[in-house]
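# Structural features, examined
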Amino acid sequence: MPVGPTEDVYGWLFAQTRQGRERGPAPARRLLDSLGRPDAQFASLRVVGTNGKGSVCAMLEAGLLASGVRAGRFTSPHLTHFEERIRVNGAEISPARTAEFVSWARRYAPDAAFFDLSLGLAAQVFAESGVNLAVMEAGVGGASDATQALSGVRAVLLTNVALDHTATLGETVAQIAADKARAAAPGVPFLTTAQGGALEVVRAVCQEVGAPLYTPASHPALFDLPRPPRLEGVHQGRNAQLALAALRLLGHDSGIPAALDASWPARLERFTVAGRTVLLDGAHNPAAASALALAVGPGGADVLLFGSLPRKDSAATLQELLEVAPVRLLTHPGQEPPYADLQALAARFGGETEPDAETAFRRALKLTPSGGTLLVTGSLYLAGTLLKRVLRPPASAAG
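Conventions adopted
- Residues numbered from 1 in each chain as written.
- Predicted model: local features only at pLDDT ≥ 70, side-chain atom pairs only at ≥ 80, totals over all residues.
- Heavy atoms only, no water.
- Helix = DSSP H or I, 4+ residues; strand = E, 2+ residues; numbered from the N terminus.
- Buried < 20%, exposed > 50% of the residue type's maximum accessible area, 1.4 Å probe, protein only.
- Contact = heavy atoms within 4.5 Å.
- Pairing = 2+ DSSP bridges.
- Expected span 1.5 Å × (residues − 1).
- Arc of directions from axis to C-beta.
- Axes fitted to C-alpha atoms, helices over the stretch in contact; angles between N-to-C directions.
- Phe/Tyr/Trp six-rings, centres within 6.5 Å; stacked < 30°, edge-to-face > 60°.
- Salt bridge = Lys/Arg side-chain N within 4 Å of Asp/Glu carboxyl O.
- Left-handed = near helix turned anticlockwise from the far one by under 90°.
- Nonpolar A, V, L, I, M, F, W, Y, C, P; charged D, E, K, R; others polar.
- pLDDT = per-residue confidence, 0-100.

## Structural notes on the environment of Ala162
On the secondary structure map, Ala162 appears in the loop between β6 (153-158) and α6 (166-169). The buried category is assigned to Ala162, whose relative accessible area is 10%. Remark: the alpha-carbon pair of Ala162 and Leu382, spanning 220 residues in sequence, is separated by 21 Å. Look past the residues within four positions of Ala162 in its chain and what remains in contact with it is Thr50, Ile176 and Ala287.

Here's what the structure looks like:
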């Protein structure tokens, strides 16, 4: 069933939600097998964790490329267009390549889930392109994630463990840590900057599985941070430690300066709009919001524009940001319904509401004094919506 030029390639792809479909690595493994096992043709670095995965992937990619490795990168979610998710040697795949794969999938894998399809496309592209080492970001969890199906994993990197995706991974940090730690494999290095009880769970699992464990405490030289990374915030320092440790372990020390200079959109990304500073961040759970609040500081912004998905703990996330700005405006992140209850959030925490994200952004700008700072956060989908519509629109739309 080829996809013709008038057919909605992305509409079909995005409609392949996980709801009602099998979770875990098994369906992804079946899809990879049907594609001829492309994941066996390149090595992988698997990045798991609650927050910081994308930043670590960006640093790893930059470091590998600078050290001469032909590298691939698979990340999620995308902010403005699907092809952001899959890169070869720093370049995104083309929409034509996506359409070609969708044509195949509609015929041979019509029941596959979106994330599994994305992973399959990435693996196929990496194999075709002669990638030597691919940086692969997990979607949700570790053992329960589709990326658990990958063969040829050379190292597993765990950023941190906090409460998120509790309906899937468990309601406690220990339960979530157990799932993420099960990404460990016999003899495969497991590197982490996780702390506290989560680290104890990881240590026990690695010992049981036979995976060598590397932490800042056990291998301080490996995790040494020669200078702060370009990405702002204490949390990005920890992310950089993890990326640098993996580069050193794999013998790619020459890529460390490039890794530290890596950028990653919607992570305290700065814009100047109408004489105001706009800080754009994708913090979407309490742990990420806490790290963001620490980075921005109490009163570090004049206005907070917050938009969260209803499946997230919006109240707990917003609670972490109350001291950042005295004025709050609540919106939706630009996704389709269902929506978070803005009126309930406003009644509990104070602030105004404006359902439309673009309208809310322009209203928030007016509430921000000239020379002041507007912080936009709550969801990567909100960040993507505003990047696409307002902050970094396509040239044709901008003109």
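## What to know about the pairing of strand β2 (residues 71-74)
Covered by surrounding structure in β2 are Ala71 and Arg73 together with Gly72 and Phe74, the residues of both alternating faces. The pairing of β2 with strand β5 (residues 133-137) spans 4 bridges and is parallel. Bridge pairing links Phe74 to Met136 in β5. The pairing of β2 with strand β3 (residues 86-88) spans 3 bridges and is classified as antiparallel. Note that in β3 the partner of Gly72 across the bridge is Val88.

## So, helix α8 (residues 196-209)
Taking 1.5 Å per residue as the helical rise, α8 with its 14 residues ought to reach 20 Å, and the 20 Å between its terminal C-alpha atoms agrees with that figure. Within α8 the residues assigned to the buried category are Ala198, Leu199, Val202, Val205 and Cys206. The arc enclosing the buried residues of α8, seen along the axis, measures out at 125 degrees, which places them on a common side. Of the residues in α8, the exposed ones pointing more than 90 degrees away from the buried face are Gly197, Gln207 and Glu208. In this fold, the buried residues of α8 make contact with β6, α7 (173-181), β7 (190-192) and β8 (213-214). A positive backbone phi angle near 90 degrees is found at Gly210, which sits one or two residues after α8.

## Brief notes about the sheet that holds strand β11 (residues 303-307)
The mixed open sheet is built from 6 strands, whose spatial order is β9-β10-β14-β11-β12-β13. Across the chains shown, the open sheet's two edge strands, defined by having one partner strand only, are β9 (269-273) and β13 (352-353). Taken strand by strand, helix α13 (residues 342-349) contacts β12 (327-331) and β13, and its axis lies near 165 degrees from that of β12.

## Overview of the packing of aromatic side chains
Summed over all chains, the structure comprises 8 aromatic pairs. For the pair Phe82 and Phe114, a centre-to-centre distance of 5.9 Å together with 75 degrees between the ring planes defines the contact as edge-to-face. Residue Phe82 is found in the loop between β2 and β3, and its partner Phe114 is found in helix α5 (residues 114-128); the two are separated by 32 residues along the sequence. Per residue, the accessibility class of Phe82 equals that of Phe114, and both read buried. Of the aromatic side chains, those joined through ring pairs into one cluster are Tyr10, Phe14, Phe82 and Phe114.

## A word on the pattern of salt bridges
A complete count under the given rule lists 18 salt bridges for this structure. Measuring nitrogen to oxygen at the nearest pair gives 3.0 Å for the salt bridge that ties Arg87 to Glu61. In this pair, Arg87 is assigned in strand β3 and Glu61 in helix α3 (residues 53-66), connecting sequence segments 26 residues apart. Residue Arg87 shares its accessibility class with Glu61, and that shared class is buried. Here Arg270 makes a salt bridge to Glu232, at a shortest N to O gap of 2.9 Å.

## Quick notes on the packing of helix α2 (residues 25-34) against α5
Where α2 contacts α5, the axes come no closer than 9 Å and their chain directions differ by 35 degrees. With respect to the hand of their crossing, α2 and α5 are arranged in right-handed fashion. For the pair α2 and α5, the contacting residues are Pro27, Ala28, Leu31 and Leu32 in the first and Asp116, Leu117, Leu119, Gly120 and Ala123 in the second. Its residues assigned to classes, the contact of α2 with α5 comprises 7 nonpolar, 1 polar and 1 charged.

## As for the sheet that holds strand β4 (residues 91-92)
Pairing is mixed in the open sheet, where 8 strands are placed in the order β4-β3-β2-β5-β1-β6-β7-β8. Of all strands in the sheet, those bounded by a partner on one side alone are β4 and β8. One ladder, built from 3 bridges, connects β6 with β7; its direction is parallel. Within β7, the residue paired with Leu157 across the bridge is Leu191.

## Details of the confidence of the model for the protein chain
Summary statistics for the protein chain give a mean pLDDT of 93 and a share of 94% for residues scoring 70 or more. Below a pLDDT of 50 lies the segment residues 1-6, which in the model reaches 9 contacts outside its immediate sequence neighbourhood of four places, other chains included.

## Regarding the pairing of strand β14 (residues 373-377)
Most of β14 is tucked away: 5 of the 5 residues are buried. The pairing of strand β10 (residues 276-280) with β14 spans 4 bridges and is classified as parallel. Bridge assignment links Thr277 to a residue of β14, and that residue is Thr373. Judged from the 4 bridges that link them, β11 and β14 form a sheet pairing that is parallel. The residue bridging Phe306 from the neighbouring strand is Thr377, located in β14.

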